Amino acid sequence: VSADEQTMRALADVAGIAVPTEDIDPLLAALRNNLEAAQTLAAIPLADDEPIVAFDPRWP
Amino acid sequence: VNPITELTLAEAGDQLRSRSVSSAELLDATLALIEETEPFVHAYAGLMIETARREAAQADIELRESRHRGPLHGIPIGVKDLCYTKGFPTEAGSEVLAGFIPDFDATVVTKLRQAGAVLIGKTVTHEFAYGQNVPATRNAWDTRRYPGGSSAGSGVAVAIGTAFGAIGTDTGGSIRAPASVNGVVGLKPTFGRVSRRGVVAMSASMDTVGPLARTVRDCALLLGAIAGGERNDSTASFEPVLDYAQGLIHPVEEITVGIERRFFFPPESDPEINATFDQAVDVLDGLGVNVVEVEIPELEYATPAGVAVVVADTSDWHRKFLRERAAKYVRDTRIMLELGELMLAPTYIRAQKVRRHVQQAVRRAFDEHGLAALVAPTIPIPTPTIDELLADTAVRGDIALSLLLRQNIFANVIGLPSLSVPCGFTEDGMPIGMQLVGRPFDEATLFRLGHAYETQTDWHTRRPTPHLART
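Below or above, wherever it landed, is the structure these notes cover. (Residues numbered from 1 in each chain as written. Chains lettered and ligands numbered in written order. Predicted model: local features only at pLDDT ≥ 70, side-chain atom pairs only at ≥ 80, totals over all residues. Heavy atoms only, no water.)

## A short note on the overall build of chain A
- Scanning chain A for helices and strands turns up 2 helices and 0 strands.
- In terms of overall dimensions, chain A is more spread out than a globule: its C-alpha atoms have a radius of gyration of 17 Å, far above the 10 Å expected for 60 residues.
- Burial statistics for chain A: of 60 residues in total, 35% are counted as buried.
- Just so you have it, chain A exposes about 4100 Å², and 55% of that area is on carbon and sulfur atoms. (Helix = DSSP H or I, 4+ residues; strand = E, 2+ residues; numbered from the N terminus. Rg over C-alpha atoms; globule rule 2.2 N^0.38 Å. Buried < 20%, exposed > 50% of the residue type's maximum accessible area, 1.4 Å probe, protein only. Areas by Shrake-Rupley, 256 points an atom, 1.4 Å probe, with all protein chains shown as cover.)

The following block contains the structure:
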């Protein structure tokens with residue numbers, strides 16, 4: 001999985017953030033690292049692990 | 001060197017109670033040392049001199065009248081500039097919050113004030129605790145070197161003697177790293193042990209607030225004062241707060257600790273650090289602690305899960321500022337905030353599931369081996385120089401910072417308490433830290449182990465003098 005500048009700009013557009021020109025190259029590198037990490041997470045053999053943040057219906 | 005600033009927090013408290021020193025004298029000695037050392041170490045973002053003098057004077061009045069509030073009464077303490085201080089700037093190391101003056105105290109600050117502490121100033125943090133920039137703070141032992149982060153100022157101030165204790169925050173090692181590289185003790189408490197209310201946030205499920213001090217006893221005294229539930233903070237726990245300092249007297253024989261060598265000794269780890277750590281483990285063994293080897297392969301998953309959660313959570317907190325004040329951020333911080341905006345929801349949820357998976361695996365290991373703690377080097381490599389760090393950045397996968405993060409963030413990912421204690425020095429004179437990671441809300445056992453270790457070693461008694469080397 002990878003991402004090019006066009007994909008990154010599209011994601012930023014959807015998120016509603018303006019990415020300064022000086023940020024584009026390092027942000028693209030960071031995004032690629034992030035996508036690699038997402039692949040790593042996706043490959044971890046989880047059974048029925050619930051997300052660690054659980055909803056508590058009791059009134060705080 | 002004024003011998004007053006060489007005292008530990010507990011010793012200073014004893015002298016206050018016996019009236020052999022006053023709070024005003026402690027404060028004056030500390031301010032004098034600050035004036036001497038700040039040009040070289042830059043531990044403080046701002047000094048609260050006027051209010052500190054009033055607090056010291058009030059403490060002296062109360063102590064004279066035998067109205068003793070506890071072990072922090074009259075003691076000068078530093079607070080990381082991420083914690084709100086009513087009427088005093090809280091800027092989180094960033095231009096984004098320049099001039100921000102909170103209208104209430106963080107709960108940790110309130111508790112310190114209630115305990116009679118004298119708040120001497122706000123200590124330097126990396127911008128918003130993200131660890132992406134290089135603040136002015138310099139290592140207490142060698143001003144060319146990394147001071148730790150993000151609670152850099154707190155670690156340096158305690159090491160050099162310009163605070164008897166300090167408050168830091170830790171989302172991925174930000175208390176333990178500055179403790180380790182500056183040769184002091186630092187505790188990342190169990191998630192929820194100390195309220196996060198009024199502390200600039202990164203992650204609502206990984207941020208912790210905790211103490212740095214010169215000894216384990218001092219850390220125990222500080223935690224006892226700042227721990228506890230808070231009705232306005234749903235993440236703060238009402239688990240009972242123990243008398244952690246009193247608990248130090250209990251023996252450590254038959255306590256079992258585990259070493260996970262595959263995870264905590266990566267190929268990049270330094271042989272000198274590893275050898276020093278093994279000697280520290282021998283000391284624990286000599287105290288009657290059972291040391292066993294364990295395997296927890298799931299620890300490898302902690303870093304990608306933790307980073308995914310922190311990056312997304314932090315961007316949520318900064319959502320408005322990123323849109324209105326983007327140019328005010330340091331570029332590398334801004335890039336991480338932009339990255340969080342681009343993360344996909346399934347990745348975030350997957351990361352939260354992986355956290356549970358890692359938590360279960362660690363719990364199994366603790367139960368199967370009867371562990372009270374895992375032990376590991378706090379940082380597996382020698383403290384890098386600032387120049388080495390500037391040569392690369394975390395965004396590009398810097399080795400030093402990624403090793404530091406890997407070694408520490410797993411405790412945040414699963415919420416466990418972790419105590420870093422000095423366990424030696426490199427040949428070139430830089431401190432080395434050992435971390436003890438315990439069961440949830442069992443800070444007491446970590447303190448016992450750390451304190452027992454201190455009784456057999458003198459690493460925690462050594463003090464840096466960078467201001468003497470300024471020429």
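Having seen the model, we can carry on.
## Points about empty space enclosed by the protein
Residues and elements named next belong to chain B.
- Considering all chains together, one arrives at 2 cavities of 30 Å³ or more under this definition.
- By volume, the largest cavity amounts to about 40 Å³.
- Taken together, Ser-180, Val-181, Ile-273, Ile-379, Ile-381, Pro-382, Thr-383, Pro-431, Ile-432 and Gly-433 make up the full set of residues lining the largest cavity.
- Counting residues per element, the ones that place at least two in the lining of the largest cavity are helix 6 (176-182) and strand 11 (431-438).
- Among the elements that make up the lining of the largest cavity, the one with the highest residue count is strand 11 (3 residues).
- Counted by class, the lining of the largest cavity contains 7 nonpolar, 3 polar and no charged residues.
- Roughly 30 Å³ of volume is contained in the second largest cavity.
- Lining the second largest cavity, in full, are Leu-82, Ala-129, Thr-169, Thr-171, Val-199, Val-200, Met-202, Asp-207 and Thr-208.
- Split by residue class, the lining of the second largest cavity holds 5 nonpolar, 3 polar and 1 charged. (1 Å grid on protein atoms, 1.4 Å probe; cavity = no way out; pocket = protein on both sides within 12 Å on 5 of 7 lines; lining within 4 Å. Points joined across faces, edges and corners; volume = space filled by probe spheres on them. Nonpolar A, V, L, I, M, F, W, Y, C, P; charged D, E, K, R; others polar.)

## Quick word on the interface of chain B and chain A
- Opposite the 30 residues of chain B that make contact, chain A presents 30 residues.
- Taking both sides of the interface into account, the surface hidden between chain B and chain A amounts to around 2700 Å²; carbon and sulfur atoms contribute 68%.
- Ranking the residues of chain B by area buried against chain A places Leu-342, Arg-350 and Arg-356 of chain B at the top, with a combined share of 24%.
- Scanning the region where chain B abuts chain A turns up 2 salt bridges. (Contact = heavy atoms within 4.5 Å. Buried area = accessible area lost by both parts, 1.4 Å probe. Salt bridge = Lys/Arg side-chain N within 4 Å of Asp/Glu carboxyl O.)

## Regarding the packing of helix 4 (residues 107-114) of chain B against helix 7 (residues 216-226) of chain B
Residue and element names in this part refer to chain B.
- The N-to-C vectors of helix 4 and helix 7 enclose an angle of 110°; their axes lie 8 Å apart at closest approach. If you check the angle between helix 4 and helix 7, you find them roughly perpendicular. Here Val-108, Lys-111 and Leu-112 of helix 4 lie close against helix 7, whose contacting residues are Leu-222, Ala-225 and Ile-226.
- Considered class by class, the residues forming the contact of helix 4 with helix 7 number 5 nonpolar, no polar and 1 charged. (Axes fitted to C-alpha atoms, helices over the stretch in contact; angles between N-to-C directions. Parallel < 35°, antiparallel > 145°, perpendicular 65-115°, else oblique.)

## Side note on unusual backbone geometry
Residue and element names in this part refer to chain B.
- Residue Ser-150 follows Gly-149 across a cis peptide bond; omega there is 5°.
- Counting through the fold element by element, Ser-150 comes out in the loop between strand 3 (118-123) and helix 5 (152-160).
- The phi torsion at His-42 lies on the positive side, around 50°, for a residue other than glycine.
- Considering the arrangement of structural elements, one finds His-42 in the loop between helix 2 (23-41) and strand 1 (44-47).
- Of note, the phi angle at Phe-441 is positive, near 60°, even though the residue is not glycine.
- Its location among the elements puts Phe-441 in the loop between strand 11 and helix 16 (443-456).

## Comments concerning helix 10 (residues 302-317) of chain B
- With 16 residues, helix 10 of chain B should cover 22 Å at 1.5 Å per step; its first-to-last C-alpha distance of 22 Å lies within 8% of that length.
- Most of helix 10 of chain B is tucked away, with 13 of its 16 residues classed as buried. (Expected span 1.5 Å × (residues − 1).)

That is the geometry; function is a separate question.
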